Amino acid sequence: MSLLVIGSVAFDAIDTPFGSTGKIVGGAASYISLATSLLHDQVGLVAVVGEDFDFNFVETLNQRGVNTDGLQVKKGEKSFFWHGKYHLDMNSRDTITTELNVLGDFDPIIPDSQSAPHFVMLGNLSPQVQLKTIERISQKPKLVVMDTMNFWMDIALDELKEVIAKVDVLTINDEEARQLSGEYSLRKAARIIQAMGPQTLIIKKGEHGALLFGTDDQVFFCPALPLEEVFDPTGAGDTFAGGFVGYLASKGATDFESMKKAVVYGSALASFCVEKFGTERLESVTHDELNARLSQFEKMMTV
Ligand code: AMP
């Protein structure tokens, strides 16, 4: 079933205790599209970049079957730029710079052939654009999944809540769940956030896995694969979301049992993402490698 992805496609600069990158390709929708393309062949991307973007990356997405007809290129303008610096433990980071550039006045145009997707993934970008995207979809999708971050909670909370009220699944990290709900307990936070609209909430806890909250107090926990080395966590959350929605779209499923499996797929893909800087590792993952990692998850989760 068709899947529409929207989110930032960007340049990032990343500092970790292992080293720093120059400007490399990043952005929420870049990671999401790469992850979904390993699981599904009906993925369309809606995003915006400047003339300065690395178009080899767009070619990579096309080769993997991602339809980029909805990617706008703004002449004479600069792509979104984000610079992040990780702390020694790699679990937390500071945003050094966010330059919205082309994202500042992004008007998402959904190609006619993609205007009635069955699944929608609203990746991280301004809530106003996420809202416009929902409004421009011509038929109610089976499932709308949304990801966001504290940046938007800080500067556009009202608009953010307006979007949250319209989606089926929200994915955020533990710190953001606490900020959004004002509750420290994640169980209580989940109840408060679900009351804002989404039936399903996923709270990502980095190296400590992910919690899936459904209706009727259903809860599922998936650990993260303990890796010997985490090289660069950037994009792990987006990759997780891409794996989650990509799996569901490939099955055409929205039930809680399928969502549990989707969380495992998301976690398996995220475990690759962190092994190298930026999108590099995700670009080289094979289906055999993914299947081997899914088996590792199965062993780790079976008693
Ligand atoms: P994650 O590590 O999963 O939180 O995602 C990191 C990606 O999010 C980076 O590649 C950034 O380009 C992108 N990003 C950072 N800040 C924003 C923002 N305010 N809006 C949209 N995308 C962002």
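Computed from a prediction, not measured in an experiment: that's the story for all the values here. (Residues numbered from 1 in each chain as written. Predicted model: local features only at pLDDT ≥ 70, side-chain atom pairs only at ≥ 80, totals over all residues. Heavy atoms only, no water.)

Details of the pattern of salt bridges
And step 1. Across all of its chains, the model carries 8 salt bridges by this definition.
And step 2. When the shortest N-O distance is used, the salt bridge between Asp147 and Lys204 registers 2.9 Å. Highlighted residues: Asp147 in strand S10 (residues 143-147) and Lys204 in strand S12 (residues 200-204), separated in sequence by 57 residues.
And step 3. Between Lys260 and Glu257 there is a salt bridge, with its nearest N and O atoms 3.3 Å apart. Highlighted residues: Lys260 and Glu257, both in helix H9 (residues 256-273), separated by 3 residues, approximately one helical turn.
And step 4. You can call Lys260 partly exposed: its relative accessible area is 22%.
And step 5. Sharing partners across several salt bridges, the network here consists of Glu275, Arg281, Glu289 and Arg293. (Salt bridge = Lys/Arg side-chain N within 4 Å of Asp/Glu carboxyl O. Helix = DSSP H or I, 4+ residues; strand = E, 2+ residues; numbered from the N terminus. Buried < 20%, exposed > 50% of the residue type's maximum accessible area, 1.4 Å probe, protein only.)

Regarding the site of the ligand
And step 1. Around the ligand lies a shell of 20 residues, among which Ser8, Asp12, Gly27, Gly235 and Asp238 are the nearest.
And step 2. Between the ligand and the protein, one listed contact pairs a nitrogen atom with a side-chain N or O atom of Asn124 at 3.5 Å.
And step 3. Asp238 places a side-chain nitrogen or oxygen 2.7 Å from an oxygen atom of the ligand.
And step 4. Those elements that provide at least two residues to the shell around the ligand are strand S2 (10-16), strand S7 (80-86), helix H4 (150-155) and helix H8 (236-251). (Near = heavy atom within 4 Å. Polar contact = N/O pair within 3.5 Å; in protein donor to acceptor, adjacent residues only side chain to side chain.)

What about the sheet that holds strand S5 (residues 43-50)?
And step 1. Read from one edge to the other, the open sheet built from 9 strands follows the order S6-S5-S1-S9-S10-S11-S12-S13-S14, with strand pairing classed as mixed. Looking at strand neighbours, the two that pair on one side only are strand S6 (66-74) and strand S14 (219-222), the edges of this open sheet. Between one strand axis and the next, the sheet turns by 15° as a mean value, whatever way the strands run.
And step 2. Across 4 bridges, S12 lies against strand S13 (residues 210-213) in antiparallel orientation. Across the sheet, Lys204 pairs through a bridge with Ala210, a residue of S13.
And step 3. Where H9 meets the sheet, its contacts fall on S10, strand S11 (169-173), S12, S13 and S14, and the angle it forms with S14 comes to roughly 20°. (Pairing = 2+ DSSP bridges. Axes fitted to C-alpha atoms, helices over the stretch in contact; angles between N-to-C directions. Contact = heavy atoms within 4.5 Å.)

Remarks on the nonpolar core
And step 1. The biggest cluster of nonpolar side chains holds 59 residues, and the ones touching the most others in it are Phe244 and Val263.
And step 2. If you tally residues by element for this core, the top one is H9, at 10 residues.
And step 3. Setting aside residues up to four positions removed in sequence, Phe244 forms contacts with Val145, Val169, Ile202, Met259, Ala262, Val263 and Gly266.
And step 4. One finds Val120, Val144, Ile193 and Leu211 within the second-largest nonpolar core, a separate group that totals 37 residues. (Core = buried A, V, L, I, M, F, W, Y, C linked by side-chain atoms within 4.5 Å.)

Describing the pairing of S11
And step 1. Among the 5 residues in S11, 4 count as buried, and that is most of the element.
And step 2. The pairing of S10 with S11 spans 3 bridges and is classified as parallel. Bridge pairing in S11 places Val145 opposite Val169.

Describing the environment of Phe53
And step 1. Along the polypeptide, Phe53 turns up in the loop between S5 and helix H2 (55-63).
And step 2. Classification of Phe53 by relative accessible area gives buried; the value is 5%.
And step 3. Put simply, Phe53 and Val9 are 44 residues apart on the chain and 9.0 Å apart in space, counted from C-alpha to C-alpha.
And step 4. Those residues in contact with Phe53 that lie beyond four places of it in its chain are Val9, Ala10, Phe11, Val25, Val58 and Ser79.

Everything listed is a geometric property; what it means functionally is a separate question.
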